[in-house]
Amino acid sequence: MDTSSLDREEPEGEHLPEGAEPAMTTESNVSYADNTFLSEVESVIPSRADIIAIGGGKGGIGKSILAANLGVHLASIGKKAILLDADLGGANLHTCLGMNTPRQSLSDFVSRRIENLQEIVASTTVPGLGLISGAMDLLEAANPKYTQKIRILREVSRLDVDYVIIDLGGGTGFNILDFFLVAKRGVLMVSPEPTSVENAYRFLKAAYYRRLKALEMNWELKPIVHDVIRNPGKQGLRTPADLLRRVAEQDPEGGVYLQEQMAKFPFDLVVNQVRSEEEEQLGTAMQQACRKYFGINMNHLGNIPYDDAVWQSVRHRRPLIMDSPDAQASQSVRQIAFALGMGGE
């Protein structure tokens with residue numbers, strides 16, 4: 001059904017570009033062929049480590065730089081951490097750490113040349129910090145199947161460290177969404193550019209529906225949820241929050257369950273490359289829009305200012321907080337780490 005004729009209400013906040021609003025729609029880029037993945041991982045794979053995933057709607061917004069520097073911060077306070085480069089097909093996290101390309105990567109694990117994920121953890125120049133390099137040579141490794149994803153997450157859960165930080169690729173592919181959604185904390189990165197904000201909302205909407213589909217598999221809500229999603233105009237719905245309210249009307253018990261579970265949606269927000277006081281308000285505007293349109297409370301961890309020290313550290317092939325520890329961007333990264341509960345003892 002074409003929903004283009006439905007009235008669409010703009011999210012509040014002048015930072016939100018036209019077309020970026022997460023309105024109700026039947027269109028989706030997300031495949032649900034293996035949406036039981038999330039349910040299975042959550043039920044059978046408890047993790048020893050706190051898993052933090054960093055994602056976003058597009059590339060080039062600073063995900064790898066943030067991941068690398070959070071790892072360095074954790075090591076500096078005595079925590080054991082592993083960085084997992086899950087930008088499958090375009091891994092470059094090793095470059096942010098000043099390393100050459102590791103000899104072994106996820107390609108070796110996915111292809112079963114190596115069975116134990118711990119064996120491909122490369123040492124970094126930072127004591128206490130390891131790296132699992134992403135797949136760069138196999139199409140199969142860049143697009144893991146259901147059983148391969150389960151195997152990867154099962155091995156990640158067995159890593160004997162305090163934290164695993166997953167650096168995800170850009171976009172809304174279901175593999176990216178699945179790794180984001182199984183994390184204890186999912187950090188969404190955005191820059192104050194219209195394309196970045198628009199793509200961030202697309203990522204949020206895609207993750208929201210994929211999470212919803214996984215939840216309704218655990219309840220006999222499938223006919224109700226499918227009917228509401230497929231016929232939003234008939235149902236008089238304009239936003240995802242309206243969907244949950246309508247499900248609750250038709251099945252109060254199941255609706256309460258879905259609302260409670262979606263309220264736990266693990267979304268944190270970091271705004272990168274902030275240049276002005278106006279751009280500093282983007283996080284607040286996105287928080288308000290997510291509360292209104294999705295019915296969820298997105299936690300704004302903080303902003304990272306535009307800082308020449310960032311690109312200089314990349315050229316120097318050194319983590320930012322080691323290359324320029326007193327830079328404004330370095331201070332912001334440490335504040336974000338503390339907001340994530342990564343404080344010192």
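Please read these numbers as outputs of a predicted model, since none were measured by experiment.

S.K.: Tell me what's going on with the environment of Ala-337, and back it up with residues and numbers.
M.R.: Tracing the sequence through the fold places Ala-337 in helix α17 (residues 328–339). Filtering out sequence-adjacent residues up to four positions away, Ala-337 remains in contact with Leu-70, His-73 and Met-342.

S.K.: Describe the nonpolar core, with residues and values.
M.R.: One broad trend across soluble globular proteins is that nonpolar side chains are buried collectively. With 62 residues, the main nonpolar core has Val-164 and Phe-267 as its most contacted residues. Not counting residues within four places of it along the chain, the set of residues in contact with Val-164 comprises Ala-49, Asp-50, Ile-51, Ile-52, Ile-82, Leu-84, Val-156 and Leu-159.

S.K.: Run through the packing of aromatic side chains, naming residues and quoting values.
M.R.: Counting across every chain of the model gives five aromatic pairs. Their ring planes at 80° and their centres at 5.0 Å tell us that Phe-180 and Phe-203 sit as a pair that is edge-to-face. Within this pair, whereas Phe-180 is found in helix α7 (residues 174–181), its partner Phe-203 is found in helix α8 (residues 194–216), the two being separated by 23 residues in sequence. In terms of burial, Phe-180 and Phe-203 fall into one category: buried.

S.K.: Could you give an account of the side chain of Ser-313, naming the residues involved and the relevant values?
M.R.: The topology assignment puts Ser-313 in helix α15 (residues 308–316). Assessed through its relative accessible area of 3%, Ser-313 is described here as buried. Leave out the neighbours within four places in its chain, and Ser-313 touches Arg-318, Pro-319, Leu-320 and Asp-323.

S.K.: Describe the pairing of strand β1 (residues 50–55), listing the residues and the values that go with them.
M.R.: Counting buried positions over the six residues of β1 gives five, a clear majority of the element. As judged from the five bridges shared by β1 and strand β5 (residues 163–168), these two strands associate in the parallel manner. Paired with Ile-52 across the bridge in β5 is Ile-165. Of the strand pairs in this sheet, β1 and strand β6 (residues 185–190) are connected by four bridges, and their pairing is parallel. By the bridge assignment for β6, Ile-52 is matched with Arg-185.

Calculation rules
Residues numbered from 1 in each chain as written. Predicted model: local features only at pLDDT ≥ 70, side-chain atom pairs only at ≥ 80, totals over all residues. Heavy atoms only, no water. Helix = DSSP H or I, 4+ residues; strand = E, 2+ residues; numbered from the N terminus. Contact = heavy atoms within 4.5 Å. Core = buried A, V, L, I, M, F, W, Y, C linked by side-chain atoms within 4.5 Å. Buried < 20%, exposed > 50% of the residue type's maximum accessible area, 1.4 Å probe, protein only. Phe/Tyr/Trp six-rings, centres within 6.5 Å; stacked < 30°, edge-to-face > 60°. Pairing = 2+ DSSP bridges.

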